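Listed below, chain by chain, are the residues.
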Amino acid sequence: MGEIEFSRGINWKDIGSVTTEKYVPREIELRWQQRWEVDKLYQSSVDVTRQKFYFLTMLPYPSGDLHIGHWYAMTPSDARARYLRMRGYNVVFPIGFDAFGLPAENAAIKRNVHPKEWTYQNIENMRGQLRTMGAMWDWEREAVSCDPDYYRWSQWFFLQLYKHGMAYRKMSPVDFCPNCNTTLAREQVWGDDRHCERCETAVVKKDLEQWFFKITDYADELLDFSKLDWPERVQRLQTNWVGRSEGAHVTFHTESGDALEVFTTRPDTLWGATFMVIAPEHPLVESVTTDRHRKAVESYVAAAVRQTDIQREAADKEKTGVFTGGYAVNPVNAERIPIWIADYVLVTYGTGAIMAVPAHDERDFAFARHFGLEIRPVVQSEDEFFEADGVTMMEPNMHPGMMINSGPLTGTPADQAVVRTIAWLEERGCGKGAVNYRLRDWLISRQRYWGAPIPITYCTKCGAQPVPESQLPVLLPDDIEWRPTGESPLKYHPSWQHTACPTCGGAATRETDTMDTFMCSSWYQYRYLSPDYQDGPWDLEEFSYWMPVDTYTGGIEHATMHLIYTRYFTKALRDIGILDFDEPMLQLRNQGIILGEDSEKMSKSRGNVVAPDSLVEKYGADAVRSYLMFFARWDQGAPWSGSGIEGVYRWLQRVWRIANDKNIININASRAQAQDRPVRDLRRKVHQTIQQVTYDLENFEFNTVISALMELTNALNTARKDGMVGREVYLEGVETLLKLMAPVTPHISEELWERLGRPYSVHQQSWPVADAEAAAAEEITLVLQVNGKVRDRIVVPADISADLAQARALESKHVQRYLDGQDPKKVIYVPGRLVNVVP
RNA sequence: GGGGCAGUGGCGGAAUUGGCAUACGCAGCGGACUUAAAAUCCGCGGGGGAAACCCAUGUGGGUUCAAGUCCCACCUGCCCUACCA
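Residues numbered from 1 in each chain as written. Chains lettered and ligands numbered in written order. Predicted model: local features only at pLDDT ≥ 70, side-chain atom pairs only at ≥ 80, totals over all residues. Heavy atoms only, no water.

Undergrad: Which residues make up the domain arrangement of chain A, and what values do they have?
TA: What the domain assignment lists for chain A is domain 1 (19-44 + 51-145 + 521-591), domain 2 (152-214 + 441-464 + 472-518), domain 3 (245-436), domain 4 (612-775) and domain 5 (779-838). Placing the centre of domain 1 and that of domain 3 at their C-alpha centroids yields a distance of 51 Å. (Domains from an automatic or database assignment.)

Here is the structure:
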């Protein structure tokens, strides 16, 4: 190891031009981080004379360790926030923790550490790790969702929703994760095997009394993205999630007179309904079933309910079902059609009952063939020359066509079929146009301890009663035993749930379920602005100045969870009158995912996890930050490369050298001596780089920010060696480079800025403005093509006229060779780029 | 089954409005410095060919003076969704 020491010694002796010490990132980074903090450099405050900018990145969950993915999400966002600050905006860039949730409780069960202790320890640890990034967080605004000061307002919002009829309790079949021992929202159940978003265990259905928010009231409004600059992909995911479909509600009647309503998108096929199917859980199962069929029906229903969704929804599963013995009457033609029960009809969608039109629906067709039911075509497609026939048809006809066999509507052309049928139904009062959504109300009850208690009490006399606002927060008790029973541990606390009814004062019990953590993260962007405010969820002065969020960044995995909930939440608060805008976050951008070096998803079990802490230790935060911006398109992500980071580290060392080099002082004495051409070339590069970096930061194209900065560094390095540009111009270049680097690599920029003797702080400088004249090329290389193929290149003045450019092109020997002495048929001139000669 | 995104050197990627394909970097090769190595610096770098040139952006067509970029079909990979009436 002594050899290394020795080699370091040689370094300074041999390279005469280097007269300063080496770049030791950790040393300068720690020093500047402390200085910025002492100076409160990044503390933001309301200033109505300035244009505000609220820049937000999704708040982290305090898992205990800052992952490289956090860095990837946060440092480019920080760079852009810093850039906007230099552009003169009053920027707020807050941070906090989404601190309630299952992992804390699982740690408690596994390692016998209190969830609270586990969470706060992790937060403390992550605060330290976050500080190493050198981001411009305003720590004064930090909010932690498990603080009573925070969840008090989560509970308060619950009460507001409750009072306005937007929160309700209902018994319903819900998704339950047997591993996490809690119910889940529809949004937290993923994949074709219907697994828990967190632990990947297959969910089961349970009938439970649960609390819901009426997000479905906002289904249509959630489809409106006109006020938002959000990625198409997120818009599409949310649109599909809401799943709006237009059609009609049609009321059939059972023979005993019960109304049996169905939803259909194809009312025009009503005359082709040959049977009905209701879900096994449908309320009419009991009454439509005849005694003769009761036994078969009961066993089918019991089996269906026992099955998981996975089994029921297996795509290639053969259709199953059972006849009830009952019949319904088709309102359009008074026909008597049999009522079946089948699990392909879902009780949770539409009305839980369908009219089956096997001639024009794949599922109904398969079912009808399987059970030998009638198939009656009622639509004849224009391109079908054969007679539609239910006995011979091989597959249902899904194509548009003219209505046939449809009584009074026979002959209606395809483009009017649906509209006219609905009008006809409405006239007769047996149906009406309707819209149905896939979206379901947001289930917020969780049978877990580590969450905000739902502020409701149950009184034997008065029923469910909201906890009075003056009694908030309903505190979580600390002394608790964790038993994964499928019920909230709060239920087993000896005294906590017993309380007095707020209405009659009699004995009452508290709701023991806690709230979904997505409730806490639906409004954190508001609390950040005044986290210590006691008289309301926020300080109106801060709120009205900063809101809404101008730019929001985070992962796309939240498209149909957090991002849909927080939009809903804002709209609900607007309608209650608590705030006055429609959307919480105006611009959204998503980062991609970093994979391990083996191109696999990073995981401890694969052993391919990249630890940011050790990278920072080795290369410094600035190198890690710039590498994360450089190595991939930010919105796409890529596999990590351990050797790649060496490249940006080398770049920073080169910057260090060119800015520190004491020869700067001697780089030719004056502008007079400096050579005109190299001066103009260097200045052009400097101003082109300003244009490029500005454009790229505006557009979230961080990888090309770094390559542009590298190119400028290379140009400065060449200029330094050639020694032909003069001190003044060289320094203009170095200073501009440092300012352009400041958002990306805040520490080294600040250090070198100071070493150049410039006034503190580089982060308080204004963003360089490109001089368009300096950036403009004087000479351009004109590409000469014949028939679109490059044959020659000539250097011409940038402002060359079209005529002259074409003339010069035709003079070229290489062009003439292809012309064979003939006049060209056509000559195309693209100014500043090329001449294409077509012979 | 349905929908979407992507495919460019050995690798990550660039090409902003249809106009020089491969910027920037990694890895590699050659050189300088060194007793040697590391570090650093300089240079080379899609494939074929002696050269003129030819061929290359997943494959095959098309539009155009000109296509990585636009259109059609297909292949591969990834993501979302899934009996949604």
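Having seen it, we continue.
Undergrad: Account for the sheet that holds strand β27 (residues 585-591), with residues named and values stated.
TA: The 4 strands lie next to each other as β2-β1-β26-β27, forming an open sheet whose pairing is parallel. Across the chains shown, the open sheet's two edge strands, defined by having one partner strand only, are β2 (90-92) and β27. Taken pair by pair, the neighbouring strands of this sheet meet at an average axis angle of 20°, ignoring direction. Direction of pairing for strand β26 (residues 549-555) relative to β27: parallel, over a ladder of 6 bridges. Within β27, the position partnered with glycine 554 by the bridge is asparagine 590. (Pairing = 2+ DSSP bridges. Helix = DSSP H or I, 4+ residues; strand = E, 2+ residues; numbered from the N terminus. Axes fitted to C-alpha atoms, helices over the stretch in contact; angles between N-to-C directions.)

Undergrad: Report on the sheet that holds strand β21 (residues 456-459), specifying residues and quantitative values.
TA: Read across the open sheet, the 4 strands follow the order β22-β21-β24-β23; overall the sheet is antiparallel. Since the sheet does not close on itself, it has two edges, and those belong to β22 (463-466) and β23 (498-500), each with one partner. Going across the sheet, the axis of each strand differs from the next one's by a mean of 40°, ignoring polarity. Bridging between β23 and strand β24 (residues 507-510) involves 3 bridges; their strand directions are antiparallel. Following the sheet pairing, threonine 499 is matched in β24 by alanine 508.

Undergrad: Before we move on, could you go through helix α12 (residues 362-371) and cite the residues and values that matter?
TA: Every buried residue of α12 is listed here: Asp364, Phe365, Phe367 and Ala368. For α12, the buried positions fall inside an angular range of 165° around the axis, keeping them on one side. Residues of α12 that are buried sit in contact with β12 (275-278), β14 (336-341) and β15 (353-356). (Buried < 20%, exposed > 50% of the residue type's maximum accessible area, 1.4 Å probe, protein only. Arc of directions from axis to C-beta. Contact = heavy atoms within 4.5 Å.)

Undergrad: Hey, could you go over the protein's contact with RNA strand B for me, with residue numbers and the actual values?
TA: RNA strand B sits among 60 residues. The nearest are Arg236, Lys319, Arg363, Phe631 and Arg817. Among all atoms of RNA strand B positioned within 4 Å of the protein, those belonging to sugar or phosphate total 66%. Separating a sugar or linking oxygen of RNA strand B from a backbone N or O atom of tyrosine 344 is a distance of 2.8 Å. Within the side chain of arginine 657, an N or O atom sits 3.1 Å from a phosphate oxygen of RNA strand B. For the surface near RNA strand B, the element with the most residues is helix α22 (residues 702-722), which contributes 8 residues. Among the residues forming the surface near RNA strand B, the class breakdown is 19 nonpolar, 18 polar and 23 charged. (Near = heavy atom within 4 Å. Polar contact = N/O pair within 3.5 Å; in protein donor to acceptor, adjacent residues only side chain to side chain. Nonpolar A, V, L, I, M, F, W, Y, C, P; charged D, E, K, R; others polar.)

Undergrad: If you had to explain the side chain of glutamine 785 to someone new, which residues and values would you point to?
TA: For glutamine 785, the location among the structural elements is in strand β28 (residues 779-786). Residue glutamine 785 is classed as buried on the basis of its relative accessible area of 13%.

Undergrad: So what's going on with the nonpolar core? Which residues, and what values?
TA: With 173 residues, the main nonpolar core has Phe158 and Trp442 as its most contacted residues. Not counting the four nearest positions on each side in its chain, phenylalanine 158 is found in contact with Ala167, Trp211, Phe213, Ile444, Ile454, Pro455, Ile456, Met515 and Met519. Core analysis: the next-biggest nonpolar cluster, separate from the first, contains 51 residues, Val250, Val297, Ile339 and Val378 among them. (Core = buried A, V, L, I, M, F, W, Y, C linked by side-chain atoms within 4.5 Å.)

Undergrad: Describe the packing of helix α18 (residues 612-619) against helix α20 (residues 644-660), naming the residues involved and giving the relevant values.
TA: Two quantities define a packed helix pair, namely the angle between the helix axes and the distance between the axes. Closest axis-to-axis distance for the α18/α20 pair is 11 Å, and the angle between their directions is 35°. Considering only the axes of α18 and α20, their crossing is right-handed. Along its contact with α18, which presents Leu615, Lys618 and Tyr619, the element α20 presents Ile645, Glu646 and Tyr649. Among the residues making up the contact of α18 with α20, the classes are represented as 4 nonpolar, no polar and 2 charged. (Left-handed = near helix turned anticlockwise from the far one by under 90°.)

Undergrad: Give me the side chain of arginine 567: which residues, what numbers.
TA: Tracing the sequence through the fold places arginine 567 in helix α17 (residues 562-576). Of the polar contacts made by the side chain of arginine 567, one reaches the backbone oxygen of aspartate 224; its length is 3.2 Å. Once residues within four sequence positions are removed from consideration, arginine 567 is found in contact with Glu221, Leu222, Asp224, Phe225, Leu228, Trp230, Gln238, Glu583 and Pro584.

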